[in-house]
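One-letter residues, chain by chain:
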Protein chains: 2
Amino acid sequence: MAKRVCIIGCGAIGSLYAAHLARVAEVHAFVRRPEHAQALNQHGLRVSGKRDFTARLRATMDPSQLPAFDLGIVCTKSTQTAEAIAPVAHLFERGAVLSAQNGLGNEELIAERVRGYVLRGTTFMSGSRHSDTHVQMELDTATWLGPFEPTRTPFALVQEVAALLVESGLKAEALEDARPAQWSKLIFNASVNAVSALTELPHCPAFAEEAGFSDLGHLLHELINEGKAVAAALGIPLHEDPWEMNKIGAQTNHPPSMLYDIEHRYATEVDFLGGAIAREAARAGVSAPLHTALYRLVKGKEASWAWPRGGEEK
Amino acid sequence: MAKRVCIIGCGAIGSLYAAHLARVAEVHAFVRRPEHAQALNQHGLRVSGKRDFTARLRATMDPSQLPAFDLGIVCTKSTQTAEAIAPVAHLFERGAVLSAQNGLGNEELIAERVRGYVLRGTTFMSGSRHSDTHVQMELDTATWLGPFEPTRTPFALVQEVAALLVESGLKAEALEDARPAQWSKLIFNASVNAVSALTELPHCPAFAEEAGFSDLGHLLHELINEGKAVAAALGIPLHEDPWEMNKIGAQTNHPPSMLYDIEHRYATEVDFLGGAIAREAARAGVSAPLHTALYRLVKGKEASWAWPRGGEEK
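Computed from a predicted model, the values in this text were never measured in an experiment.

Chemist: Would you mind going over the relation of the copies chain A and chain B with me for this structure?
Modeler: Superposing chain A onto chain B takes a rotation of 180° combined with a translation of 0.0 Å along the rotation axis, leaving an RMSD of 0.0 Å. Considering both components of the superposition, the chain copies are consistent with a two-fold axis. When C-alpha distances to the rotation axis are compared across chain A, the minimum falls at A:Leu198, with a value of 3.0 Å. With an isologous cut-off of 70% or more, the 100% of interface residues of chain A that recur at the interface of chain B puts this contact in the isologous class.

Right, dumping it as structure tokens:
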């Protein structure tokens, strides 16, 4: 069956999905900037790194130019989910929409706007976007996907989407319950991103050091344990151990996305990361004092951008 | 009795003590920069604001030019206590040394180096330093002082020092136990400074807001309650309620000293503020997870200055 797929948001992850899927399906990219759409239509989309090819696809910022779709994959930042899906939501009435975003709460925002099926997704792929038409693939890791429970998405549909991703050359795994995978990444991401945003350190070896009293590894360990306790209170087992993920990541010196946002004074995804853990903890009747504290600090840091900076004034 | 007093460190607070005391005692200022000493010797020290006068005093950066003293007042940043007192410690063998610094742990550092009596001090005076020879007095509030317990400082000596401060035109109160005053300010300062350093917000109304879930007032309240619990575990009653101090301070939009340090990439006093609460909590066998977490974050932020900044590189 020839599928028609819409990629909503073409950053690094969206570009990787778009280019791969364009080899086995009719792919349209829904983007925000007219020059981005024009460049994709004119030059196609090149993938380098782990593989090297250029795919042809269609791109637009105008929802009226888009047909109905079998599948949508939302790849925007979590802060942009609602505004990105709203103008194209009607195109998925007979289709399905997969969130391949960070954190918790995107599927809810999609399901409020789309009448079709929603899929819960978590990806560990990574890439660097060199331009609007060139993305370098770094980690060629799987997308884990499963049903979003409230839309009663059939597991056969999840398997079909996973098969399409695999056919396109990506790794994917269909799961009856995608929450253990999503929560593993959520706990890891919420802990590492908040500490990085507040210290302005990249994900560096200090994040796993626990020798001295002031070492950050203690804090990461406590944040991760707190997140695990919230997952346990919600009855969600974990797919991977976030502390092991942290120990590996701490060797990369990679700047987490929230550090990039802080440095550029963009709204962070904290409401979908630590803020989501804090809210879910309250819902489950357990406490998450550290995630809640760091959530409030990151929100305070965002608020500080409205203040004149003392350092520049004196 | 004509007293001979040494002011160690002439920032805003040290300048206020030096100028006032120079009207009733022989005052020497021990400073780090030769041009600072020269300017004080040449022009004296002007106080404006709440009062207006210029005092003559002697200043030097050379310990060999200093006589023995009846009283020393240490006014450096806590991070500089050890190196500032070391070269002049022998001048107080028959005298006393008062710490009028931020946080907890300065008296210990002084007592390790000085054979005379040590006094525990906490001041709420504030001023702005316009130049090496001009300080503007802002808050004309009291210095609270008491014995540092391990040196068995006689209370009569505390009263004598308080009387000298009052004679010089400052407010001062001799206390049999200065820890309740010191801990009130410590809890306030540790909470406000850490939140300000990490958010880069000045002490603004948000620090007392508790309406929404993400509001920073919740975090300040929890930090202050945690600090109170540590004081209680140590058997130290509080002199004032730090939450009330926070509510008043939050209306000032004043940048706390740690925010100034962060903006200028100077080592902060966090080891003497939140770090001291975290250590004292461990000593008392109680937990202080929030002060400990914020302490580690501020130490991480200091460590980040050794990293290249992503925002400037990309």
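Chemist: I keep staring at the sheet that holds strand β3 (residues 45-49) of chain A and nothing clicks. Help me out?
Modeler: The strands that make up a sheet are held in pairs by hydrogen bonds between backbone atoms, and each pair lies either parallel or antiparallel. Residues and elements named next belong to chain A. Spatially, the 4 strands line up as an open sheet ordered β4-β3-β10-β9, and their pairing is mixed. Here the strands that pair on one side only, and so sit at the sheet edges, are β4 (53-55) and β9 (127-131). When strand polarity is set aside, the average angle formed by the axes of neighbouring strands in this sheet is 25°. The pairing of β9 with strand β10 (residues 134-137) spans 4 bridges and is classified as antiparallel.

Chemist: Would you mind showing me how to read the side chain of B:Lys301 here?
Modeler: Mapping B:Lys301 onto the fold places it in helix α11 (residues 289-304). Once you skip the residues sitting within four places of it in the chain, B:Lys301 turns out to touch A:Leu198, A:Thr199, A:Glu200, A:Lys301, B:Ala197, B:Leu198, B:Glu200 and B:Ile262.

Chemist: Just checking my understanding: could you explain the packing of aromatic side chains for this structure?
Modeler: Aromatic ring pairs are described here by two measures, namely the spacing of the ring centres and the angle between the planes. All names here are of chain A. Applying the stated criterion across every chain yields a total of 8 aromatic pairs over all chains. Taking 5.3 Å as the distance between ring centres and 65° as the angle between the ring planes, the aromatic pair formed by Phe-124 and Trp-144 counts as edge-to-face. Of this pair, Phe-124 sits in the loop between β8 (117-123) and β9 while Trp-144 is found in strand β11 (residues 143-147), placing the two residues 20 residues apart along the sequence. Across the pair, Trp-144 and Phe-124 agree in class, each one buried.

Chemist: What is the right way to read the domain arrangement of chain A from this model?
Modeler: Accessible area lost on assembly of the parts is the figure often given for the size of an interface. Residue and element names in this part refer to chain A. Its domain assignment divides chain A into domain 1 (4-174) and domain 2 (179-304). Counting from both sides, the interface comprises 17 residues of domain 1 and, opposite them, 20 residues of domain 2. Together domain 1 and domain 2 conceal approximately 1,600 Å² of surface at their shared face, both sides included; 58% is due to carbon and sulfur atoms. Considering only the side of domain 1, the residues that lose the most area to domain 2 are Asn-102, Leu-104 and Trp-144, jointly responsible for 39% of the buried surface there. Taken together, domain 1 and domain 2 are joined by 2 salt bridges. Glu-149 is the salt-bridge partner of Arg-179, the closest N and O atoms lying 3.5 Å from each other. At the junction of domain 1 and domain 2, the tally comes to 9 residue pairs in polar contact (both at pLDDT 80 or more).

Chemist: Help me out: how do you make sense of unusual backbone geometry in this one?
Modeler: Excluding glycine, a negative phi dihedral is what most residues carry, and trans is how most peptide bonds are arranged. All names here are of chain A. Backbone geometry at Asn-253 places phi at a positive 55°, although glycine is not the residue there. Relative to the helices and strands, Asn-253 resides in the loop between α8 (242-249) and α9 (257-264). Phi at Arg-265 is positive, roughly 55°, even though this residue is not glycine. Here Arg-265 lies in the loop between α9 and α10 (274-284). The class for Arg-265 is partly exposed, based on a relative accessible area of 37%.

Chemist: What is the right way to read the interface of chain A and chain B from this model?
Modeler: If you look at the interface, chain A gives 39 residues, while chain B gives 39 residues. Carbon and sulfur atoms supply 69% of the area buried between chain A and chain B, which totals about 3,200 Å² over both sides. Summed over the three residues of chain A that lose the most area to chain B, namely A:Phe213, A:Arg296 and A:Trp307, the buried surface amounts to 23% of that side. The residue B:Glu200 makes a salt bridge to A:Lys301 at a minimum N-O spacing of 3.6 Å. Linking chain A with chain B are 4 residue pairs in polar contact (both at pLDDT 80 or more), by the criterion used here. Sorting the residues of the side of chain A that touches chain B by element identifies α6 (179-199), α7 (216-233), α9, α10, α11 (289-304) and α12 (310-313) of chain A as the ones contributing at least two each. By residue number, the principal contributor to the side of chain A that touches chain B is α11(A), which donates 13 residues. Of the residues belonging to the side of chain A that touches chain B, the class tally is 19 nonpolar, 10 polar and 10 charged.

Parameters at a glance
- Residues numbered from 1 in each chain as written.
- Chains lettered and ligands numbered in written order.
- Predicted model: local features only at pLDDT ≥ 70, side-chain atom pairs only at ≥ 80, totals over all residues.
- Heavy atoms only, no water.
- Least-squares fit on C-alpha atoms with pLDDT ≥ 70 in both.
- Contact = heavy atoms within 4.5 Å.
- Pairing = 2+ DSSP bridges.
- Helix = DSSP H or I, 4+ residues; strand = E, 2+ residues; numbered from the N terminus.
- Axes fitted to C-alpha atoms, helices over the stretch in contact; angles between N-to-C directions.
- Phe/Tyr/Trp six-rings, centres within 6.5 Å; stacked < 30°, edge-to-face > 60°.
- Buried < 20%, exposed > 50% of the residue type's maximum accessible area, 1.4 Å probe, protein only.
- Domains from an automatic or database assignment.
- Buried area = accessible area lost by both parts, 1.4 Å probe.
- Salt bridge = Lys/Arg side-chain N within 4 Å of Asp/Glu carboxyl O.
- Polar contact = N/O pair within 3.5 Å; in protein donor to acceptor, adjacent residues only side chain to side chain.
- Nonpolar A, V, L, I, M, F, W, Y, C, P; charged D, E, K, R; others polar.

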